[in-house]
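Below, each chain spelled out in residue letters.
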Amino acid sequence: MAQYVKKDDDRDEEAEYSPFSGIEKGAVLQEARVFNDPQLDSRRCSQVITKLLYLLNQGDTFTKTEATEVFFSVTKLFQARDVGLRRMVYLIIKELSPSADEVIIVTSSLMKDMNSKTDVYRANAIRVLCRITDGTLLTQIERYLKQAIVDKNPVVASAALVSGIHLLQTNPEIVKRWSNEVQEAVQSRAALVQFHALALLQQIRQNDRLAVSKLVTSLTKGTVRSPLAQCLLIRYTSQVIRESSMNSQTGDRPFYDYLESCLRHKSEMVIFEAARAITELSDVTSRELTPAITVLQLFLSSSKPVLRFAAVRTLNKVAMTHPMAVTTCNIDMESLISDQNRSIATLAITTLLKTGNESGVDRLMKQITNFMSDIADEFKIVVVDAIRSLCLKFPLKFRTLMGFLSNILREEGGFEYKKAIVDSIVTIIREIPDAKESGLLHLCEFIEDCEFTYLSTQILHFLGIEGPKTSDPSKYIRYIYNRVILENATVRASAVSTLAKFGAMVDSLKPRIFVLLRRCLYDNDDEVRDRATLYLNTIGGDGSVVETDKDVKEFLFGSLDLPLANLETSLKNYEPSEEPFDISSVPREVKSQPFAEKKAAAKKPTGLGAPPAGPTSAVDTYDKLLSSIPEFSTFGLLFKSSAPVELTEAETEYAVNVVKHIFDKHVVFQYNCTNTIPEQLLEDVTIVVDASEAEEFEEIATKPLKSLPYDTPGQTFVAFEKPEGVPAVGKFTNVLRFIVKEVDPSTGEAEEDGVEDEYQLEEFEVVAADYMLKVGVSNFRNAWESLGPDFERVDEYGLGPRESLKEAVSTVINLLGMQPCEGTEVVAANSRSHTCLLSGVYIGNVKVLVRLSFGVDSAKEVAMKLAVRSEDEAVSDAIHELVAN
Amino acid sequence: MLLAVLITNSEGNILVERFNGVPGEERLHWRSFLVKLGADNLKGVKNEELCVASHKSVYIVYTVLGHVNIYLVGKDEYDELALSEAIFVVTSAIKDVCGKPPTERLFLDKYGRICLCLDEIVWKGLLENTDKDRIKRLVRLKPPTEF
């Protein structure tokens, strides 16, 4: 018998025992045998199902055999007449999610229910079938589902529509055939049906701009029956607005009036959705913004935490792009600093940090100090990030802000939090020269009592770079040498390197540093001893005051000038052999990051260490692929691979894109092909390239694709020779040529005979940007100074009238194909001028830096000043030619 | 996507845990995060008063009902406002089934029916039904009255 455990609080007597107390999976599975009884006890069966659900809802799992056994027993329950039990059966089948070969057992029962006269049986059967079905079964029931979508019973229609939303992920081609029915359901009088239909319709048609636009136009004029649907409509409306351009004659934005009218809706959900949509409009004007801000401001003093949170979260976002528009809310925002809800308080503070003016900084910091002690680390990190941005915005306030950061650095906190503070101090030191000495001392004090090895080593590295350049480098030595005495081996090794840097850079300190380094020769760790030995032997001078050789400095402390992620991958791929690892074989290109990550990275200037490393690059994959093809294996080192260029429109029969691989003397085009027709098999797929508009290129090899079955991407290649090291450009016209064979959809077998056919593809160009690698630098100013003005070329260009400054900047960045540095690719809204810093490596491994200054006048005429520095005069000129053409 | 519906007793023991689109290895993390969030913030909160938080790009709306705590986690279109709408449906359905804000015992007594209600309300991360009277009828396999 189950043992009931009495809890020792004084609640109601009966509340103290759980009906599931002592529940055990094995026992419940035994109990599930009642499902097989010839005389079913519905009540008992329901209880057992409840127990199974309880187990599953606690995170318990069944093995495959257990699940199968229960599932087979459950199917017997379709014989019972009890409706309550039937409802439970539907649920437990979904929870057990039987495998494809088991599903067949219930299919007929469910099909029967799906045609039942009782509507709710139908709705449930639809939901279960769609949850457990696969593509083949789906085609069988498609007809019923289409009927169900337009069923007059809203429960049935909703069940079919929500099923459609789920099925769209797995069987898009089937669900897309339902769009007429779904369109009809959008007009339904039942609020939820309309909501679900709207969601599904938009997903079906999301690639069809015109259809979405029509949908939005008709619904914004018609009736939308529920706030949920209204929110969806607002979202789709902003999508349409994003894709359409502003009406240039009246300056009005399409659908703005609709969004604005939603600000007066009675449902708060709709008001917020509209307000957010307005604040997120591109190039939103203050006139457009004002009504949304006013509404949001009212919600700041709402009694409901959810509404306050939603309001402050939205305003926080607005403050990133339009800080001035939010200042009117500052008083309300300040009262939220003491909000009980810490999320709200943190958002309020970070918003104030963005919108506040210089004179208010001190008062704000006082308020924050009290607040910091009682919030969790994750909130503190957000505040620290905001303070760093504030400090960069108001450099004169660095004393107050640096003081605050050093105070919180001394308090308790986890690694991420401490790292955020250290990163912020480092960024401030880099950007504000006056803050350097005090900042370095704060960091020194921190490593005296730092429990995180990672942070200690990073700070030591940074001290080694910045410390020797200060007015009195000797004062840091004590802190560094203390590490050698007190810390673990990793930190000791870093400290030895830092000491050596001081020795190499500050000649007057060299004798004393040598004394310290010699002591490290007796360390009990190999790495520490090795480093000390290396430095003592290379820095030279036997500890006398002499200058260290420049080459030695470069060898010991120079930067690798490689993206570390690429180096890491190359080292991992290196197999021990006679041939030593060649550092020049490491690809230098920084792969562009996915959009979301890019945004996150732009928000957080990196503190310590190297430039932000991209995720493991596709370059290696390409490199491996190409070198595995004998025809291309002699082409040497792959310089660059472009992003794929689409050569077909979306949703055509064959999808083809091309990746341009650039070598020193060759170019290889990799055509990625996908066959989207299930009834066809393509064989001997090649691309016929017409290079008559690319004079310097000569076709030398092609690699056809043997077979291209439905939905399995394949590649075919064409290689060209070009003059060595020359950035040759040209236009290429392409035709896809293949033998097509009919496939029997039921058996999947192809016919023996095929027909030769062709398919015209779009043309593409090899442009100068293809010869430029995106290689970032961690500190642009330093890199610019170190390249020197010898090969600097400066000129001015008129870019004519442009849509916006932002558009002009991104066009030039794309034209040059270089890596934007320090987040300068982001143009503040409504700004009249902008400076953009770019860096890259040109073919022939020539480092190039570019400084672009833009200005725009009232007629949207954009002027640009282009300054180029590089290691080669000809390359600086080539960059100018690129722009001039 | 409505990523999770979690219901615990007031000590933080799990009563119902339903995840959608959350990888298995992250579930434990979410469970402990939510339970801690409740322990920190739900003391003294009135029945059905909504609390809100965000963690990374995910929103959490949670509340107390009798002796159980209810948490909803969502992202993208299921932001704090959509979640408040959804949690309102969940609390009304539970009150309806139990007849009052439930004790833990009452909740467990009505466990099967509550699972059915949740099944009607959220289907694999999408909000399906929002009307408590309709839900009440649907879990008994009765057709809705309003059409």
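Look above for the structure.
So, here's what we can say about the structure. (Residues numbered from 1 in each chain as written. Chains lettered and ligands numbered in written order. Predicted model: local features only at pLDDT ≥ 70, side-chain atom pairs only at ≥ 80, totals over all residues. Heavy atoms only, no water.)

This part is about the pairing of strand β5 (residues 680–693) of chain A. All names here are of chain A. With 10 bridges joining them, β5 and strand β9 (residues 730–742) adopt antiparallel strand pairing. By the bridge assignment, Val-688 is partnered in β9 with Val-735. Pairing between β5 and strand β7 (residues 705–708): three bridges, direction antiparallel. Bridge pairing in β7 places Val-685 opposite Leu-705. (Pairing = 2+ DSSP bridges. Helix = DSSP H or I, 4+ residues; strand = E, 2+ residues; numbered from the N terminus.)

The next subject is the sheet that holds strand β4 (residues 58–65) of chain B. Strands sit in the order β2-β1-β5-β4-β3 (chain B) across an open sheet of five strands; the sheet is antiparallel. Edge positions in the open sheet fall to β2 (14–19) and β3 (51–55) of chain B, since each of these has one partner strand only. In this sheet, neighbouring strand axes are inclined to one another by 15° on average, regardless of whether the strands run parallel or antiparallel. Inspection of the sheet shows β4 of chain B paired to strand β5 (residues 68–75) of chain B by eight bridges, in the antiparallel sense. Residue pairing in the sheet places Val-64 of chain B in a bridge with Asn-69 of chain B of β5 of chain B. Contacting β3 and β4 of chain B, helix α17 (residues 305–321) of chain A crosses the sheet at an angle of about 35° to β3 of chain B. Contacts from helix α4 (residues 111–121) of chain B reach β1 (2–9) and β2 of chain B within the one sheet, and its direction differs from that of β2 of chain B by about 25°. (Axes fitted to C-alpha atoms, helices over the stretch in contact; angles between N-to-C directions. Contact = heavy atoms within 4.5 Å.)

Turning to a negative patch on the surface, a few remarks are in order. Together, Glu-679, Glu-742, Asp-744, Glu-749, Glu-751, Glu-752 and Asp-753 of chain A line one region of the surface with negative charge. Among the structural elements, Asp-744 of chain A can be located in the loop between β9 and β10 (755–760). (Patch = residues over 30% accessible without salt bridge, like charges linked within 9 Å, V, L, I, M, F, W, Y side chains within 5 Å. Areas by Shrake-Rupley, 256 points an atom, 1.4 Å probe, with all protein chains shown as cover. Salt bridge = Lys/Arg side-chain N within 4 Å of Asp/Glu carboxyl O. Lys, Arg positive; Asp, Glu negative; His and termini not counted. Charge placed at Lys NZ, Arg CZ, Asp CG, Glu CD.)

At the junction of the two partners, chain B supplies 51 residues and chain A supplies 58 residues. Regarding the contact of chain B and chain A, the summed buried area is about 4800 Å², with carbon and sulfur atoms giving 60% of it. Where chain B meets chain A, there are 10 salt bridges. A salt bridge links Arg-127 of chain A to Asp-119 of chain B, with the shortest nitrogen-to-oxygen separation between them at 3.4 Å. (Buried area = accessible area lost by both parts, 1.4 Å probe.)

This brings us to the nonpolar core. Counting residues in each nonpolar core, the largest one holds 249 residues, and the members touching the most others are Phe-35 of chain A together with Phe-107 of chain B. With 11 residues, helix α2 (residues 80–98) of chain B is the single largest residue contributor to this core. With 65 residues, the next largest nonpolar core counts Val-658, Tyr-759, Tyr-771 and Ala-808 of chain A among its residues. (Core = buried A, V, L, I, M, F, W, Y, C linked by side-chain atoms within 4.5 Å. Buried < 20%, exposed > 50% of the residue type's maximum accessible area, 1.4 Å probe, protein only.)

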